[in-house]
Amino acid sequence: MSLGQAVYGCTVAAGPEPDSVLLPGHDVPLGRFATVRRLLPQRRLRMVGAWCFVDHFGPDDVSGRPGMQVPPHPHTGLQTVTWLVDGEIEHRDSLGSVQTIVPGQLNLMSSGHGIAHSEWSRPDHPAGLHGLQLWVALPAHARRGEARFEHHETLPVFRDGDLTTTVVAGELGPARSPAGVHTPLVGAELLMTAAGRHRVAVDPAFEHAVLVMSGAAEVAGSDLSPGSLLYLGRGRFEVPVATAGPARLFLLGGEPFEEPLVMWWNFVGASHEEIVQAREDWARGARFGRVAGCGADPLPAPAMPTVRLLARDRQGQTVPPPFPGA
């Protein structure tokens, strides 16, 4: 029996492992002072489990520069997950939360029906900045719920020789993150401090993907370096990882998210009308509240597209509304 079968006790039948797909990211300007590598969503892959958005920023030398400056902006229908490996960022939101995050800690914000927040580097920020900004799509009942913010200073960590695994969200093997999530998933950092080979046990009921934050690795037979996302599909009991030196990877996974969604700007919803209403509410100062103490003007919403936004499934296929005009 494989380690994955032993850990998860799953009834998924053993068989050929799914093919992996290497998907290159693309650079996206983030405000005036930063560029990020957007790894999800992509045309060929919209989601991994409930994970629907992944930006990798840095490593950047921000000494003598403003660092991260993202003014107040709204969210609906999602959770934001901020994970740093260098630097610090101050989070403020319309619930009144003010929380500086440093490496190894987790900020998780659940938008529910609506929230606004800013992410800002203070004037005395450290010289480096490196991390991930991720979104988790909320299922329908949670999209209609209340907003909340969580900060976790400590997270579960386990070690296997020169591999240190930090479970940021969800659960992996023997560890479960304290962060509140609404669907079965995993987000975990895999830190290799030296050359080595490991087999990371995963849940075969999940689909998985891996990205490299620093260094390089061979993952499931594919060479992976910063700037790409390796989609591993569903049905694996373990993920083989080999490095020729130090490397930092991030594992994403979860049960396939079956609800069709509309994702536009900072909003996740079930229909075109929900997105239009969220935009209108933000423009007129309703629903999302005010972020106090940021010192920057809120971001204006872009103009709506001239075509109707269609809900799409996790593979990017459009799903027609249940009846004309719905």
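Remember, it's a predicted structure, so these values are computed and weren't measured experimentally.

Here we look at the overall build of the chain
Counting secondary structure elements, the chain contains 3 helices and 27 strands. Its C-alpha atoms give the chain a radius of gyration of 19 Å, near enough to 20 Å, the size a compact globule of 326 residues would have. Taken over the C-alpha atoms alone, the chain extends approximately 60 × 55 × 30 Å along its principal axes. Intrachain contacts of the chain at a sequence separation of at least 6 include 72% that bridge at least 24 residues. When the accessible surface of the chain is split by element, carbon and sulfur atoms take 51% of a total near 14200 Å². Charge centroids of the chain, computed over 26 positive and 33 negative side chains, lie 5 Å from each other.

Comments concerning the packing of aromatic side chains
Under the defined criterion, the tally for this structure stands at 6 aromatic pairs. Aromatic side chains Trp-264 and Phe-267 sit 6.4 Å apart centroid to centroid with 35 degrees between the ring planes, which places their arrangement in the tilted category. Overall, Trp-264 belongs to the buried group, its relative accessible area being 12%. An angle of 85 degrees between the planes, with centres 5.5 Å apart, marks the rings of Trp-265 and Phe-267 as edge-to-face. The class for Trp-265 is partly exposed, based on a relative accessible area of 25%. Ring pairs connect the aromatic residues Trp-264, Trp-265, Phe-267, Trp-282 and Phe-288, which therefore count as one cluster.

Things to note about the sheet that holds strand E5 (residues 69-75)
Here we have 4 strands laid out as an open sheet, ordered E5-E10-E7-E8, and antiparallel in their pairing. Either end of the sheet is taken by a strand with one partner, and the two such strands are E5 and strand E8 (98-101). Between one strand and the next, the sheet's axes are offset by a mean angle of 20 degrees, whatever the strand orientation. Judged from the 4 bridges that link them, strand E7 (residues 89-93) and E8 form a sheet pairing that is antiparallel. By the bridge assignment, His-91 is partnered in E8 with Gln-99.

Observations concerning the sheet that holds strand E12 (residues 148-152)
Sheet architecture is open: 7 strands sit in the order E2-E3-E4-E11-E6-E9-E12, paired in antiparallel fashion. Both edges of this open sheet fall to strand E2 (26-30) and E12, since each of them pairs with a single strand only. Strand-to-strand twist across the sheet, computed as the mean angle between neighbouring axes with direction ignored, equals 20 degrees. Note that strand E9 (residues 106-110) and E12 share 5 bridges and pair antiparallel. Bridge pairing in E12 places Ser-110 opposite Arg-148.

Conventions we followed
- Residues numbered from 1 in each chain as written.
- Predicted model: local features only at pLDDT ≥ 70, side-chain atom pairs only at ≥ 80, totals over all residues.
- Heavy atoms only, no water.
- Helix = DSSP H or I, 4+ residues; strand = E, 2+ residues; numbered from the N terminus.
- Rg over C-alpha atoms; globule rule 2.2 N^0.38 Å.
- Contact = heavy atoms within 4.5 Å.
- Areas by Shrake-Rupley, 256 points an atom, 1.4 Å probe, with all protein chains shown as cover.
- Lys, Arg positive; Asp, Glu negative; His and termini not counted.
- Charge placed at Lys NZ, Arg CZ, Asp CG, Glu CD.
- Phe/Tyr/Trp six-rings, centres within 6.5 Å; stacked < 30°, edge-to-face > 60°.
- Buried < 20%, exposed > 50% of the residue type's maximum accessible area, 1.4 Å probe, protein only.
- Pairing = 2+ DSSP bridges.
- Axes fitted to C-alpha atoms, helices over the stretch in contact; angles between N-to-C directions.

Structural measurements only, silent on function.
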